[in-house]
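What follows is the residue order along each chain.
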Amino acid sequence: MALYVQKFGGTSVGSVDRIKAVAEKVKGFRDQGHQVVVVVSAMSGETNRLTDMAQALNSDPAPREMDMLLSTGEQVTISLLAMALQQAGVAATSHTGAQVGIHTDSAYTKARIQRIETEDLRADLDAGQVVVVAGFQGVDEDGNITTLGRGGSDTTGVALAAALGADECQIYTDVDGVYTTDPRVCSKAQRLENITVEEMLELSSLGSKILQIRAVEFAGKYNVPLRVLSSFEDGPGTLIVAEADKDEDSMEEPLISGIAFTKNEAKLTLLNTPDVPGVASRILGPIADANIEVDMIVQNVAPAGDYTDFTFTVAKGDYKATKKLLEETVIPGLGGGELRGDDNIAKVSLVGVGMRSHAGVASKMFRVLADENVNIRMVSTSEIKISVVIDEKHMELAVNALHKAFGLDKSDIESE
């Protein structure tokens with residue numbers, strides 16, 4: 001008998017018929033004798049509907065009240081799923097985040113889990129119940145309802161799996177696993193049998209939307225086996241494991257496990273800024289104070305040595321605010337400089353633990369892009385990742401060319 005924590009997203013529980021299908025899937029595991037905890041999101045579109053109503057009443061609603069409002073979406077789903085399970089002959093009980101004992105800090109709309117009480121959960125499981133838990137929410141030390149931010153149900157599922165010592169945390173989505181890249185952009189993308197936590201963290205941070213990054217961090221920290229599966233078709237999915245747990249029968253790791261990309265980037269360059277100690281801090285300090293996150297950074301030294309060009313990227317949604325901040329605050333503070341911006345860029349990244357033991361990945365990537373006449377604007381690297389910024393219009397061409405060049409078109413891809 002195994003203990004599974006299964007998380008179903010909004011699309012998976014988006015209608016009465018889909019909730020019935022989830023109940024049948026859970027029943028299959030229960031009939032095999034397994035213990036099951038189910039974590040669910042609000043039904044597809046419900047969070048947006050509630051947010052729209054709040055905005056119609058108050059253009060700047062209090063974060064506490066937003067958490068109180070948005071938490072009701074999951075409460076609807078847990079009760080409906082518990083009813084569907086009971087109708088199917090499965091003993092089930094539903095719990096909100098507060099009832100199950102998920103304690104968080106008081107950062108409304110983006111709370112972090114501090115601890116989980118498991119006594120009542122274990123009692124229900126030992127009594128033969130399927131426990132249905134509202135994802136995305138918890139309670140602070142004062143009893144206020146908090147939410148974990150969009151996608152927080154993934155985090156709830158992994159955190160519960162860690163607290164209970166579950167055999168596996170299964171994340172059910174509308175895709176059947178983690179792919180080498182987005183199949184909508186590259187038709188030859190292949191599902192991975194497994195991938196390391198480190199690789200999944202990189203892919204999630206670089207634009208892959210399969211899993212919330214905090215959930216992957218939890219899985220890595222507490223060594224929770226994490227599997228991505230489809231709600232709508234049977235299959236093995238993709239297992240996300242610690243690198244030490246990878247199949248040792250494999251003779252050689254593939255060089256690259258996946259290609260991530262995002263169009264949600266904008267590039268800003270300050271030309272002819274003084275090349276003196278502290279200039280980077282004087283540029284980026286006000287941006288950080290405005291709570292704007294900076295991604296890639298490149299600083300060049302001009303031939304004369306007295307001036308430098310400073311380039312960095314931000315999220316496209318922060319582009320206008322950042323540009324205004326540079327024009328009104330930073331450039332005057334530096335005593336001058338020319339600002340150039342571009343919000344028609346894309347970032348394409350290669351990810352793979354095989355990079356640790358193989359040289360020449362960057363040169364091959366650059367050669368492939370050059371052969372396709374794709375110009376590279378910026379480059380960033382880490383131990384298992386290489387990212388380039390290119391013109392947005394070349395993104396799909398670059399992804400498909402790199403996917404083929406690094407052997408990811410093969411149908412027998414397996415990241416091990």
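Reference entry: report on the structure contained in this document. Chains are numbered independently. Their residues run from 1 in the order of the written sequence. Totals for whole chains, interfaces and linings use every residue, but because this is a predicted model, local features are given only for residues with pLDDT of at least 70 and side-chain atom pairs only at 80 or more, for both listing and counting. Excluded from the side-chain calculations are hydrogens and water; all other atoms, namely the structure's heavy atoms, are used.

Moving on, we get to the overall build of the protein. Each helix is a run of DSSP H or I of at least 4 residues and each strand a run of E of at least 2, with the numbering of both proceeding from the N terminus. For the protein, the count of helices and strands is 12 helices and 20 strands. The C-alpha atoms of the protein give a radius of gyration of 24 Å, which matches the 22 Å a tight globule of 416 residues would have. Overall, the C-alpha framework of the protein stretches about 80 × 55 × 35 Å when taken along its three principal axes. Residue contacts follow a heavy-atom distance rule, with two residues in contact if any of their heavy atoms lie within 4.5 Å. Relative to all contacts within the protein whose residues are 6 or more apart in sequence, the contacts with residues 24 or more apart total 74%. If the 38 positive side-chain charges of the protein are averaged to one point and the 61 negative ones to another, these points end up 5 Å apart. For this measure, only C-alpha atoms enter the radius of gyration; the expected value for a globule follows 2.2 Å times N^0.38, where N is the number of residues. A residue counts as positive if it is Lys or Arg and as negative if it is Asp or Glu; His and the chain ends are not included. All charge positions are set by atom: Lys at NZ, Arg at CZ, Asp at CG, Glu at CD.

Attention shifts here to the pattern of salt bridges. Each salt bridge in this description consists of a side-chain nitrogen of Lys or Arg and a carboxyl oxygen of Asp or Glu lying within 4 Å of one another. One pass over the full model with this rule turns up 15 salt bridges. Here Glu 65 makes a salt bridge to Arg 64, at a shortest N to O gap of 3.0 Å. For the exposure calls, accessible area comes from a 1.4 Å probe over protein chains only, and a residue counts as buried if that area is under 20% of its type's maximum, exposed if over 50%, partly exposed in between. Classification of Glu 65 as partly exposed rests on a relative accessible area of 43%. We classify Arg 64 as partly exposed; its relative accessible area is 31%. Measuring nitrogen to oxygen at the nearest pair gives 2.9 Å for the salt bridge that ties Asp 182 to Arg 184. Overall, Arg 184 belongs to the exposed group, its relative accessible area being 75%.

The subject of this paragraph is the sheet that holds strand β3 (residues 92-95). The eight strands lie next to each other as β3-β6-β2-β1-β9-β11-β12-β10, forming an open sheet whose pairing is mixed. Every other strand in the sheet has two partners, leaving β3 and β10 (194-196) as the edge strands with one partner each. Across the sheet, the mean angle separating the axes of adjacent strands is 20° when strand polarity is ignored. Bridging between strand β1 (residues 3-8) and strand β2 (residues 35-40) involves six bridges; their strand directions are parallel. Bridge pairing in β2 places Phe 8 opposite Val 40. Two strands pair under a simple rule: DSSP has to find at least two bridges between them. Here an axis means a line fitted to C-alpha atoms, over the contact stretch when the element is a helix, while the angle between two N-to-C directions is reported on a 0 to 180 degree scale.

Just geometry here; none of it tells us what the structure is for.
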